[in-house]
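Working through the structure, step by step
These are the residues of each chain, in order.
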Amino acid sequence: MVRTLDDFDAANAAVGVRVDINSPIAADGSLADDTRLRAHVDTLGELAARDARVVVLAHQGRPGGDDFTTLAAHAARLDDLLDAPVDYLDATFGSTARDAVDALEPGRVLVLENTRFYSEEVMSFPPEVAAETHLVAGLSPALDAYVNDAFAAAHRSQPSLVGFPAVVPGYAGRVMERELDALGDIGSTPTPRVYVLGGAKVDDSIDVASSVLDSGLADTVLTCGVVGNTFLHASGVELGAESTNVVKDRAGEALTRAERLLEEYGDRIRVPVDVAVERDGERVEIPVEDLPTTEPAMDVGSETVGVYGDLLADTGTAILNGPAGVFEMDVFAVGTRELYRAAQAAEYTVVGGGDTASALRQLGLSGFDHVSTGGGAALTLLTGESLPAVEALS
Ligand SMILES: Nc1ncnc2c1ncn2[C@@H]1O[C@H](COP(=O)(O)OP(=O)(O)O)[C@@H](O)[C@H]1O
Ligand SMILES: O=C(OP(=O)(O)O)[C@H](O)COP(=O)(O)O
């Protein structure tokens, strides 16, 4: 059983709050999207209003990536979003951080530096070992409690996610609570259950497809995006060199697993019946039987949306992850817009993924029963597995 903020005596407590504000970063270093920051306003605002001394812990990007930056811009944005004053400190643990936490006044928020600036935080540990890392051991003496609101990172077993609750009382924040309520019991949602798997994390999507087909959680899996192209390729369709290269690059070893899945569950896995390419600046749709083509397949076509839409209309639960095409280009946003719109006909709809959430916002689509802040974490739960960071709170 996970304790929540309802069980927490917040007044004057120094509380470390792990959030997931990992966001797209623009070329000039500014935040390109603040959706994930907005999601945590409830938890951070509530704690500040209840006179806690709020210490924010978060990561941004991965070492070596263009989006691996400090949290200064995130702190400034949180200061705009929250009623409480927000400061930023360019340290995460050690005496500088502990002194700043000790000096923090009730009702104020302090954002510490990107946890992944420290090598321990990109490694996985069991909770009791994570508790002994420099990061956790070097900050926890200044904390009275720990709140985990970082649902989108809860599938990681990193020190800031699993180590603190081993040494100070741990609670789930409001985002975590809402996500677990909506996603934690997927097996009891209305049937038939259809998983729509798109986007470009092909390896992950094939794992999910395999798990939900094996367990019977999914009655049908509809594929689109690069995932759809991968299953087309695996089913023997020649896409053309451009698309095949993307598939091989994204799927790697997983391609063989896609072939095996089609052999075992061919009747429960649907592949696109047409694709869209760009020709002379125009969107052109090509039936699968007319492939290969020299242009890359960047979206599903309208026949596919029609077939998938009919299936979704008779569905109890539709679970969607990943855009159906390169939604960042207007001409290829059509499949994502139409497919996600069609999914709203299902009795219960769950949508997850960082890029998916951006796509929905860009396309002005709302009205789903649950839009998850997490991609990988949501899919982990939706395959019926547990999340290490939630286990650590239990
Ligand atoms: N047919 C396609 N070819 C190339 N990229 C695609 C295609 N369909 C979708 N994508 C890309 O997939 C990316 C999002 O995938 P992913 O990261 O898996 O989604 P999420 O973050 O929602 O889990 C987008 O950048 C989109 O452009
Ligand atoms: O963006 C995240 O995950 P997501 O892309 O699966 O939604 C989380 O912040 C976790 O980041 P990570 O995948 O670098 O551990």
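Anything mentioned here points back to the structure above.
Read on for a plain summary of the structure. Within each chain, residue numbers correspond to sequence positions counted from 1 in written order. Key to labels: chains lettered from A, ligands numbered from 1, both in the order written. In keeping with the model being predicted, local features are shown solely for residues with a pLDDT of at least 70 and side-chain atom pairs are shown and tallied solely at 80 or more, while totals for entire chains, interfaces and linings include all residues. With hydrogens and water set aside, each side-chain value is computed from the structure's full complement of heavy atoms.

1. Quick look at the overall build of the protein
- The helix and strand tally for the protein stands at 17 helices and 15 strands.
- For the protein, whose C-alpha radius of gyration is 22 Å, the value lies close to the compact-globule estimate of 21 Å for 394 residues.
- Seen along its three principal axes, the alpha-carbon backbone of the protein occupies a region of about 70 × 45 × 35 Å.
- Accessible area is worked out with a 1.4 Å probe on protein chains only. A residue is then buried under 20% of its type maximum, exposed over 50%, and partly exposed in between. In the protein, buried positions account for 56% of the 394 residues.
- The contact definition used throughout considers only heavy atoms, calling two residues in contact when any of these lie within 4.5 Å. Sequence separation of 24 or more characterises 74% of the internal contacts of the protein that already satisfy a separation of 6 or more. By definition, any uninterrupted DSSP run of H or I lasting at least four residues is a helix, any uninterrupted run of E lasting at least two residues is a strand, and each is numbered from the N terminus. We take the radius of gyration over the C-alpha atoms and set the globule estimate at 2.2 Å times the residue count to the 0.38 power.

2. Some points on the packing of aromatic side chains
- Working definition: rings of Phe, Tyr and Trp (its six-membered ring) pair if their centres are within 6.5 Å, and the pair is stacked with planes under 30 degrees apart, edge-to-face with planes over 60 apart, and tilted otherwise. A full pass over the atoms with the stated rule returns 5 aromatic pairs.
- Ring geometry for Phe93 against Tyr118: centres 4.8 Å apart, planes inclined by 70°, an arrangement best described as edge-to-face. Taken together, the positions of Phe93 in the loop between strand E3 (86-88) and helix H4 (95-103) and Tyr118 in the loop between strand E4 (109-111) and helix H5 (127-130) put the pair 25 residues apart, joining distant regions of the chain.
- Overall, the relative accessible area of 25% leaves Phe93 in the partly exposed class.
- Taking the relative accessible area as the measure of exposure, Tyr118 reaches 24% and is therefore partly exposed.

3. Focus: the site of ligand 1
- Summary of the distance rule: residues count as near a molecule or strand when at least one heavy atom falls within 4 Å of that molecule or strand. Ala200, Ala297, Glu328, Asp355 and Thr356 are the nearest of the 18 residues found near ligand 1.
- Here Asn321 contributes a side-chain N or O atom positioned 3.3 Å from an oxygen atom of ligand 1.
- If ligand 1 stood free it would expose 590 Å²; the protein chains cover 85% of that surface.
- By the convention adopted, Pro, Cys, Tyr, Trp, Phe, Met, Ile, Leu, Val and Ala count as nonpolar, Lys, Arg, Asp and Glu as charged, and the other residues, Gly among them, as polar. Split into classes, the residues belonging to the shell around ligand 1 amount to 7 nonpolar, 8 polar and 3 charged. Think of a polar contact as two N or O atoms within 3.5 Å of one another; within protein, one of them needs to be a possible hydrogen donor and the other a possible acceptor, and neighboring residues in sequence only count if both atoms come from side chains. Note that accessible areas follow from Shrake-Rupley with a 1.4 Å probe, and for residues the cover is restricted to the protein chains shown.

4. Quick look at the site of ligand 2
- By nearness alone, every residue bordering ligand 2 is listed as Asp20, Asn22, Arg36, His59, Arg62, Arg116, Ala152, Arg156, Lys201, Gly375 and Gly376.
- The side chain of Arg36 places a nitrogen or oxygen atom 2.8 Å from an oxygen atom of ligand 2.
- Between ligand 2 and His59, the relevant distance is 3.0 Å, taken from an oxygen atom to a side-chain nitrogen or oxygen of the residue.
- Contact with the protein chains hides 89% of the accessible area of ligand 2, taken as 390 Å² for the molecule alone.
- The residue makeup of the shell around ligand 2 includes at least three contributed by each of domain 1 (5-179) and domain 2 (184-382). Where a domain begins and ends is set by an automatic assignment or by a domain database.

5. Examining the packing of helix H10 (residues 225-234) against helix H11 (residues 241-251)
- Packing of H10 against H11 leaves a shortest axis separation of 9 Å and a crossing angle of 105°. Of the possible angle classes, the one that applies to H10 and H11 is roughly perpendicular. Together, Val226, Asn229, Thr230 and His233 of H10 and Thr244, Val246, Val247, Lys248, Arg250 and Ala251 of H11 make up the contact between the two elements.
- Of the residues contributing to the contact of H10 with H11, the split by class is 4 nonpolar, 4 polar and 2 charged. Angles run from 0 to 180 degrees between N-to-C directions of axes, and those axes are lines fitted to C-alpha atoms, restricted for helices to the stretch in contact. By definition in this entry, angles of less than 35 degrees are roughly parallel, angles greater than 145 are roughly antiparallel, angles of 65 to 115 are roughly perpendicular, and the rest are oblique.

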